Amino acid sequence: MIVFERPVALWLLLSPFVLYVLRSWWRRRHGLLVASLPLWERALEKLGASSRWSIWRDRLRDLALLLTLCCLAATFGEPRLVLPVPAPTTYAIVIDASASMAAQEAGGRSRWELARDRVRQLLDERGPRERFQLVLAGDAPAIVTPLDSTRSRIERELMQRKPGLGGASLAAAIRAVRPSTDPSRRVLLISDFSSEEGRRLGVDPPSGVFTYPIGIRSSNLAIEATHWPGDLGAEDRVEVQVTNYDRSSAADARIVFRWNGANLREITARVPAGERRSIEEAFDLGGDGELTAQVYSEGDGLEVDDTAYLSITGREAVPVLWVPPAVPDFEMAALMEVLGASLFDIEVADEAADSWRSSTERIIVAESLDISRPLPKGRYLIFDGSGLRSPLLQRGEGRAGPITTWNPSHPVTRGLLFEDAAIRSSSPLLLDEHAVSLLETADGSVAAALEVSDLKLVWVGFRPDASTWPSSDSFPLFVVQAARWLAGSPSRSVPGVHTMEPVPLDPAAGDRPGTENELPRLMAPGFGNLPDAEEELGVTFVNSDESRIAPGGREALRPPPERITERESLVPWLIACALFFLLLVALL
Amino acid sequence: MSRLGSRPLFDAEFHAVLAALERHARRVMRSDRAGGGEVPRRGLSGTIFHDYRDYSPGDDPRRIDWNVYGRLGDLVIKLFEAEARFRLHVIVDTSPSMDVAGRSSRGWLAKRLAGGLAHLGLHVFEGARLVITPGRDDANARMLTGKPHLPSCLQRLESAEVHQGSMAETLGALPAGFASRDATLILSDLFDLEDLERSLRRIGRRTRRIVCVQILDPIDLAPERDGWRRVRDVETGRQRLIRLSSELRDACAEALREHEQQVSALCRRYGARRLLLDTASPFERAMLRVLEALA
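My aim in this report is to walk through the structure given alongside it, one point at a time. (Residues numbered from 1 in each chain as written. Chains lettered and ligands numbered in written order. Predicted model: local features only at pLDDT ≥ 70, side-chain atom pairs only at ≥ 80, totals over all residues.)

In this section: the overall build of chain A. Each helix and strand counted, chain A has 12 helices and 28 strands in total. Counting the 588 residues in chain A, one finds 38% classified as buried. Taking the intrachain contacts of chain A between residues at least 6 apart in sequence as the baseline, contacts between residues at least 24 apart amount to 65%. (Helix = DSSP H or I, 4+ residues; strand = E, 2+ residues; numbered from the N terminus. Buried ≥ 20, exposed ≤ 12 C-beta atoms within 10 Å, placed from the backbone. Contact = placed C-beta atoms within 7 Å.)

Shown next as C-alpha cells:
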C-alpha cells in the first residue's frame, strides 16, 4: 500500500492533466488552417513521418511527457510504500516448576538444569524477531517476563529461578498465556510430565502447545478414584480407574490403597497400552478419613506414578474439585462455571447432584434448588432460587425495574454501584431480623445477606443473566465480595481472583437459548476492571511468590504494539521514473 | 468589401491601373494579330466585318457606324472578325482554400484579377463571361458584352461567398458557351488536380486558349515556428497533429514544386498555359502577366 506524507500535494497530480487539456485547447485554438493537407502529408511522407509507427510515436511521446509530469507531481506528496511485515510469533515458554524438576538425572544434573539448557536451545532455534514470555508452572502459574522479552532476559530470569516444592499447574499456565482469543500464540511446554495432568498434556497436548519432555519419565500410569458409600452398614465401594498413557506397551499396575496413611490393600492389574481399566474394591472404612490410592508400575521400584485422594466424611466422599456437568437450562451454571474456572475456587451446584449438601468447606453457588428440607449448614451464594423455601426468607411478587437502592455498608455491596443494572423480573424478599437487604427495587429487596449460626447465605432474587447486571462492572465484583464475605476469613477455600486475561468462553455456551452473543459481552467489562477491584476493594489476588506477576504488572499480559509496517520512500523511484520518461520523450 | 479580403477589392487604384492596362491590352492584341498565331492576321480597318453591337460609354467614337445612326438612330459599333472572336471566360475559384489568409488572401487577388479581366473583356475584347465557382449562379452562363455590364460583374465578385464544391461540376452545369475563338482563364490555387483535370476536359474541347493562373501563398509552406501544431484542411476539415520543423518546411517546398510540375504537365496535356502568381505580386504586374499569357 502506498501512503502519502503530504496528501494535499496530491492535487498537483491534476496539474499534468490540466496542462494537457490546456495544450490541447491551445493547439485547437491556434491550429493551422491550410489549403491542402494532402500537400503537407506528401511532405510528411518524404520525411518518413506518416507511418503508423510515427503516429504512435507521437502518442507515446505525449504519454511519456504526461507520466513525467505525474511522477514529478507525485514526489511532492512524499509517497511511501507501506510494506506489511508479518507480526512476530509469540512463544510462551512454560516450564514445569514442580518439585519433581529438582530430581537428579543420569549425569548428575537436575531436570531443572536440563530444562534451562532446553530453553536456551529453543531460543537459539527461533528467529531474532520472535518474542518470548517465560512462565513458571508451580502451584500456580507465574508470569515471569512480559511478552516481548528478549532471549537474554529469559536466560537471566531463568538462572534466578528454581523449582518449587509443590506441584505443577501446567494446564492453568497454558490457559494463562494462551487465551483462545489469540490462537497464534504458541506455547513451548517444558516439563518432566510426571504428574497426572502432565502426562495427559504430554500425550495429547492442545493445539499450539509443543511439549519438550525433560528427563526419563518412567511413570505412564494415572489413577482416579471414586467412592460409593455403603448403605445400612454395607461396605464402602471404591472404584479406581487406571489409565496407561503408554501407547506402545501394556503396563502391570500395582495399586496400593491406604486409609489415613496405613496400608489397606494392594492389588495388581494389567492395563493394556493406551487404555483405561476400571477396578472396584470394597472396604469397611468405618468413620471419616482420607483414602489414598497409589499406582506403581511394576519394575519401576517404589516410584509412584500417580495418587488419588478421597476425603471421606459422613461416609460420603467429596472430590477435591468438583465441577458438575452443565445442565442445558441452567444458564447461571454456565456463567458461574466460567467465573469459577477463572476467578474463584468455588463450586457450582445444581439440583442434579446432591453432593453439595455435604460440602461445608466450600461456597455453594446454586440456582433453582428444589429444597425439600432445611438448608444444611454451609455457605451459599444463590441466584434466583425460585424453588427455595426458607423460613428466614419469604418471597413476594415483584416486577421488572431498575435497582434503585443498594447497601453501601455491607461487605458484599460495599463500593459497588448498580446504577446501570435493571432486572426483568424479581422475587422481592420479606426479610426477618437476621437478613440484611443488599439490593432493592421499587418493589422491595431483591438481594439479601443472611448469617445465622453456621449458615451464611447471599441470596439474589433474580436471574442475573435475565438482567443487565452482568454487563456492568459490579457483577463480578459482587461475586468476589460475596465469596469473600461467605468465606469469612482467609482459609483454604478463600476465593481467589487469578490475574488472568479475559476468560475464554466455551463455544457451546453460545448455543444455549438466550445466551447467544450475550455472555462475551457480559463478561468483558467486569474482568477488565479487576485491577481496580484490587486497589479499591482490597480483593486479594492470588499472588504467591511464584505467581506474582513480574514487573510490568498487568501490562505484561498484553501483547506489545505490533510493528506491522515498514515504510520506504518512493521519491527516489519517482524521480528515476520521471527521468526515464523524460529520456523517452527525448528519444521519441 | 470582399469577404475574402480586408482590403477593398475595386478601389480607385484598381481603376487607374485598368485604364492603363486597357491601352496596353489593345496594343497587346494588335501585336498579337500582327504576330500571327491562331488569330487571323488582319488590320483594324481592313478586317472582315462581323457584326454590330450597341455602343457603350468608353467605346472609341471612331468605331461608331454613323450610317446606321443616320438610318436608325442607334449608336452601334461595327465589330470585325478579329475582335469578335476574342471573348474572355473568367473562372474564379471561391472555394475555402482560396480564403486561407496568408500574407494576403489569394481569393482577394483572384477576384481582383477577375474584375480586371472582366473590365478588359467588356472594354477591349468582344465580351466577358464571369464564372464564379463553385456554386450554381445563373449569371455564370451569361456572356456579357459592353461596358455597362462591368459594374454588375464587379458587384458579383464583391458579393461572392465562399463555397464548398467542385469547379468541374460548376462548369459542367453551364450551357455551351465556349467558342473556339474565346479565351478562358482559371484563377485558382489548383491544389485539386483531379478537379482541374475534369475542368480542363470540359473547357479544352471548346476553346483554344486556356490560361490556368495558379495563385500560391507562402502559407502553403510550413511556418517558420517549430513545434507541434494541429493542422486542419480548410476544404475537408480533416485534422492532423504535425510537428513543424525546418525539415518539414523543406519537404513542403519540395512537395509544392512537385505539385506545380504536375499542374504544368496537366495543363500541357490539355493545351493550356500555366501561370504562377504569388499573392505578394502587385496587381498591375499580375495583370500584365496574365495579358501576356493570353497573348
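After that view of the structure, there is still more to cover.
On to the overall build of chain B. Each helix and strand in chain B was counted, giving 9 helices and 9 strands. Looking at chain B alone, contacts between residues at least 24 apart form 76% of all its contacts between residues at least 6 apart.

Below, the discussion takes up the nonpolar core. The biggest cluster of nonpolar side chains holds 77 residues, and the ones touching the most others in it are Val90(B), Leu185(B), Val213(B) and Val290(B). It is helix H4 (residues 106-123) of chain B that provides the largest number of residues to this core, a total of 9 residues. (Core = buried A, V, L, I, M, F, W, Y, C linked by C-beta atoms within 7 Å.)

Moving on, we come to the environment of Leu310(A). All names here are of chain A. Relative to the helices and strands, Leu310 resides in strand E15 (residues 304-313). The exposure class assigned to Leu310 is buried, which follows from the 22 C-beta atoms found within 10 Å. Note: C-alpha distance between Leu310 and Gly289 (21 residues apart in sequence) is 8.4 Å.

The next point concerns the interface of chain A and chain B. Between chain A and chain B, the residue contacts involve 17 residues of the former and 24 residues of the latter. Sorting the residues of the side of chain A that touches chain B by element identifies helix H1 (14-29), strand E2 (32-34) and helix H2 (37-47) of chain A as the ones contributing at least two each. In this structure, E2(A) lies alongside strand E7 (residues 227-233) of chain B, joined through 3 bridges in parallel fashion. When the sheet's bridge partners are listed, Val34(A) is paired in E7(B) with Asp233(B). (Pairing = 2+ DSSP bridges.)

Below, the discussion takes up the sheet that holds strand E8 (residues 209-213) of chain A. Residues and elements named next belong to chain A. Reading across the sheet, the 5 strands line up as E6-E5-E4-E7-E8 and stay open at both edges, with mixed pairing between neighbours. The open sheet has two free edges, formed respectively by strand E6 (141-143) and E8, since each of these has just one partner strand. Adjacent strand axes in the sheet meet at a mean angle of 25°, parallel and antiparallel pairs treated alike. (Axes fitted to C-alpha atoms, helices over the stretch in contact; angles between N-to-C directions.)

Attention now moves to H2(A). Residue and element names in this part refer to chain A. Buried residues of H2: Leu37, Trp40, Ala43 and Leu44, and no others. Here the buried residues of H2 occupy an arc of 115° about the axis, which is enough to place them on one side. Trailing H2 by a residue or two, Gly48 shows a phi angle of about 75°, which is positive. (Arc of directions from axis to C-beta.)

Residues and elements named next belong to chain B. Relative to the 16 Å expected for 12 residues at 1.5 Å per residue, helix H7 (residues 193-204) spans 15 Å between its end C-alpha atoms, a close match to the ideal helical length. Within H7, the full set of buried residues consists of Asp195, Leu196, Ser199, Leu200 and Ile203. For H7, the angular spread of the buried residues around the axis is 130°, confining them to a single face. (Expected span 1.5 Å × (residues − 1).)

Residue Pro134(B) follows Thr133(B) across a cis peptide bond; omega there is -15°. Among the structural elements, Pro134(B) can be located in the loop between strand E4 (127-133) and helix H5 (150-159). Backbone geometry at Glu78(A) places phi at a positive 50°, although glycine is not the residue there. Here Glu78(A) lies in the loop between helix H3 (52-75) and strand E3 (79-84). We note that Leu190(B) has phi near 60°; this positive angle belongs to a residue other than glycine. Examined against the element boundaries, Leu190(B) turns out to sit in the loop between strand E5 (183-188) and H7. Given 27 C-beta atoms within 10 Å, Leu190(B) falls into the buried group.

So, on to the packing of H7(B) against helix H8 (residues 246-269) of chain B. Residue and element names in this part refer to chain B. Orientation of H7 relative to H8, taken along the N-to-C sense of each, is 15°, at an axis distance of 10 Å. With respect to each other, H7 and H8 are oriented roughly parallel. Crossing angle aside, the handedness with which H7 passes H8 is right-handed. On H8, the residues touching Leu193, Leu196, Glu197 and Leu200 of H7 are Gln262, Val263 and Leu266. (Parallel < 35°, antiparallel > 145°, perpendicular 65-115°, else oblique. Left-handed = near helix turned anticlockwise from the far one by under 90°.)

Residue and element names in this part refer to chain B. Read across the open sheet, the 5 strands follow the order E4-E3-E5-E6-E9; overall the sheet is parallel. With one partner strand each, in any of the chains shown, E4 and strand E9 (272-278) form the two edges of the open sheet. Recorded for the sheet is a direction-independent mean angle of 15° between the axes of neighbouring strands. Here H7 sits on the sheet in contact with E5, strand E6 (209-216) and E9, set at roughly 155° to E6.

As a further point, take the packing of H2(A) against H8(B). When two helices pack together, their arrangement is given by the angle between the helix axes and by the axis-to-axis distance. Direction vectors running N to C along H2(A) and H8(B) enclose 120°, while the axes themselves pass 8 Å from each other. Viewed along their axes, H2(A) and H8(B) adopt a mutual orientation that is oblique. Considering how the two elements wind past one another, H2(A) and H8(B) form a crossing that is right-handed. Residues Leu39(A), Trp40(A), Arg42(A), Ala43(A), Lys46(A) and Leu47(A) of H2(A) touch H8(B), and the partners they reach there are Glu247(B), Leu248(B), Ala251(B), Cys252(B), Glu254(B), Ala255(B), Leu256(B) and His259(B).

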